[in-house]
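Residues per chain are reported as follows:
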Amino acid sequence: TSTREIYLMMLDTNSFTIVVDKSFCQKFRAKLGDENIFDKKRKLLIHDDLAELPLTKRPDEVLEKDLRDICNFEIKSDLDIKITGKTSIKDRLVSKVEEIIEFHLDEKFLNEIPDSWEFYGDLLLIPGGSFSDPKWKPSLPKILEAICILFKVQRVAKKHLVINDKFRSPKTDLLLGSDPWVSRKENGITYHFDITKSMFCAGNISEKLRVSKFDCSGETVVDLFAGIGYFTLPYLVHAKAEYMYACEWNPDSVVALKINLEKLGLSDKCEVLEGDNRLVCPKNVADRVNLGLIPGSDISWKTACEALKDTGGILHIHGNVESKKDENKQEKMNAWAESTTEVIKNLLNEVKCDQNWNTNILHIECVKSYAPRVYHLVLDLKCMPS
């Protein structure tokens, strides 16, 4: 029996898992279940920002390509563990670091070695606390080279908390490499942006997928908080909106949004309006308005009402709702939706005062848990004149 035959036999009896950013866990779980390769006999594990989904077998090339259209991921196997003698990629990284550094790796320094990461093409984004102590500095160039080899990337960046300015600008340092522009493919759409100046909101994937299933053919849609095109692009590419107005006041995001539209051949289907949407958004143009801002989009509810056509349309209103320990979560969500509906109705009767307006709740979507007992919701609200 040849070495290759032994290897293939080991593969046949091997256990596989997919490691993916946990914000994509639900989407991957559904896709793997549809293909009947999600292993229900083993536990789905969560490690910090990563989810580890058990498989009955390795995905074939077609399925793997479909999954990579959603986001990047790693396939792990028991065979990898047998060959490397390590139980995780973090263990392998620690071993490489130990070979490079000239000081003892105690618990403090061990905690500064990343155990979560995000892929953006050939760039790896690591947490802000990684390699923070000055003692790392002499060894850092070699450590970054080792990271590139281990993760099969060419650039490394370190993220920090979002700056609390009016643009919610990210603070990301490029540790290795000179080009800050990256790409991220999600739901068949590739987003391009400068990672040091804009951020990618992976946590809203379920809502972007929901938007993609809308039928917006023949509709004009206004996106009041467009960013780099998180929702603008799904509305155009998948929901087939006839035309978009995309409002965005962060100049760095505007640059990325225009590039993304151009690369997709959609520049003639979308007018990008730079500035405060309350000042630049057109009136009486929209069949549908997207208000994708959290913790609340109420600063632009009046603008959304003015943007709707006089014949009416649909508002998709994002907001965070907190449910305390002794409160009923569903009741709190319903109460938020009902109070929002009443405010919108009053605003419509104020800004379009020549008609009486009715509002009707079509759907309340819980996108994700934003924080403990805080939920990111989207209210689909039908607005029609009497």
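About the criteria used
Residues numbered from 1 in each chain as written. Predicted model: local features only at pLDDT ≥ 70, side-chain atom pairs only at ≥ 80, totals over all residues. Heavy atoms only, no water. Core = buried A, V, L, I, M, F, W, Y, C linked by side-chain atoms within 4.5 Å. Buried < 20%, exposed > 50% of the residue type's maximum accessible area, 1.4 Å probe, protein only. Helix = DSSP H or I, 4+ residues; strand = E, 2+ residues; numbered from the N terminus. Contact = heavy atoms within 4.5 Å. Pairing = 2+ DSSP bridges. Axes fitted to C-alpha atoms, helices over the stretch in contact; angles between N-to-C directions. pLDDT = per-residue confidence, 0-100. 1 Å grid on protein atoms, 1.4 Å probe; cavity = no way out; pocket = protein on both sides within 12 Å on 5 of 7 lines; lining within 4 Å. Points joined across faces, edges and corners; volume = space filled by probe spheres on them. Nonpolar A, V, L, I, M, F, W, Y, C, P; charged D, E, K, R; others polar. Phe/Tyr/Trp six-rings, centres within 6.5 Å; stacked < 30°, edge-to-face > 60°. Lys NZ or Arg CZ within 6 Å of the ring centre and 35° of its normal. Parallel < 35°, antiparallel > 145°, perpendicular 65-115°, else oblique. Left-handed = near helix turned anticlockwise from the far one by under 90°.

## Some words on the nonpolar core
I18, V20, F28, L32 and Y235 are the most contacted members of the largest nonpolar core, which has 53 residues in total. With four residues, the single largest contributor to this core is helix α10 (residues 251–263). In contact with Y235, other than residues within four places in its own chain, are V211, F214, C216, V221, K240, A241, M244, R288, N290 and H316. Counting 31 residues, the second-largest nonpolar core is a separate cluster that includes V222, V285, L347 and L377.

## Thoughts on the sheet that holds strand β15 (residues 313–322)
Where strands meet in a sheet, backbone hydrogen bonds hold them as pairs that are either parallel or antiparallel. Strand order in the open sheet formed by seven strands is β13-β12-β11-β14-β15-β17-β16, with mixed pairing between adjacent strands. Here the strands that pair on one side only, and so sit at the sheet edges, are β13 (270–274) and β16 (357–371). Shown here is a sheet whose adjacent strand axes are inclined to one another by a mean of 15 degrees, direction ignored. Looking at chain direction, strand β11 (residues 220–223) and strand β14 (residues 288–291) are connected through three bridges and run parallel. Across the sheet, the residue bridging to V222 is V289, located in β14. Contacts from α10 reach β12 (243–248) and β13, with the element oriented near 170 degrees to β13.

## Some remarks on the confidence of the model for the chain
The pLDDT averaged across the chain works out to 88; a share of 90% of its residues lies at or above 70. Within the model, pLDDT remains below 50 along residues 1–13, and this stretch shows eight contacts once partners closer than five positions in the same chain are excluded. Every residue in residues 79–86 scores below 50 in pLDDT, and together they form 15 contacts with partners more than four places removed in sequence or on other chains.

## Some thoughts on empty space enclosed by the protein
Under the counting rule described, the total for this entry stands at three cavities of 30 Å³ or more. Roughly 130 Å³ of internal volume is contained in the largest cavity. Every residue lining the largest cavity is listed: V19, V20, D21, L50, C71, N72, F73, E74, W117, E118, F119 and R184. Secondary structure elements with two or more residues in the lining of the largest cavity: β1 (16–21) and β5 (118–120). Looking at the lining of the largest cavity element by element, the count peaks at three residues for β1. The class makeup of the residues in the lining of the largest cavity is seven nonpolar, one polar and four charged.

## Points about the packing of aromatic side chains
Summed over the entire model, instances satisfying the criterion amount to 13 aromatic pairs. Between Y120 and F193, the aromatic rings sit 5.8 Å apart at their centres with planes inclined by 85 degrees, giving edge-to-face as the arrangement. One end of the pair, Y120, is in strand β5; the other, F193, is in strand β10 (residues 189–194), and 73 residues separate them in sequence. Residues Y120 and F193 agree in their burial class; the two are buried. Ring plane angle 45 degrees and centroid distance 6.3 Å describe the contact between F214 and Y235, whose orientation is recorded as tilted. Placement of F214 in the loop between α8 (205–212) and β11 and of Y235 in helix α9 (residues 232–237) is noted, with a sequence separation of 21 residues between them. Y235 gets classed as buried once you look at its relative accessible area, which sits at 0%. Put simply, the rings of Y120, Y191, F193, F200 and Y230 pair up and form one aromatic cluster. If you follow R68 out to its NZ or CZ, it ends over the ring of F73, 4.0 Å from the centre. One cation-aromatic arrangement involves K108 over F109; the distance from NZ or CZ to the ring centre is 4.6 Å.

## So, the side chain of H316
Along the chain, the position of H316 falls in strand β15. A relative accessible area of 1% means that H316 is categorised as buried. In contact with H316, other than residues within four places in its own chain, are R210, F214, Y235, R288, V289, N290, L291, V378, L379 and D380.

## Let's talk about the packing of helix α2 (residues 25–34) against helix α3 (residues 61–70)
It is the contact of α2 with α3, at a shortest axis distance of 11 Å, that shows an interaxial angle of 160 degrees. The angle between α2 and α3 falls in the class roughly antiparallel. In this structure, the crossing between α2 and α3 has a hand that is right-handed. Here α2 contributes K27, F28, K31 and L32 to the contact with α3, which in turn contributes L63, D66, L67 and I70. Partitioned by chemical class, the residues of the contact of α2 with α3 number five nonpolar, no polar and three charged.

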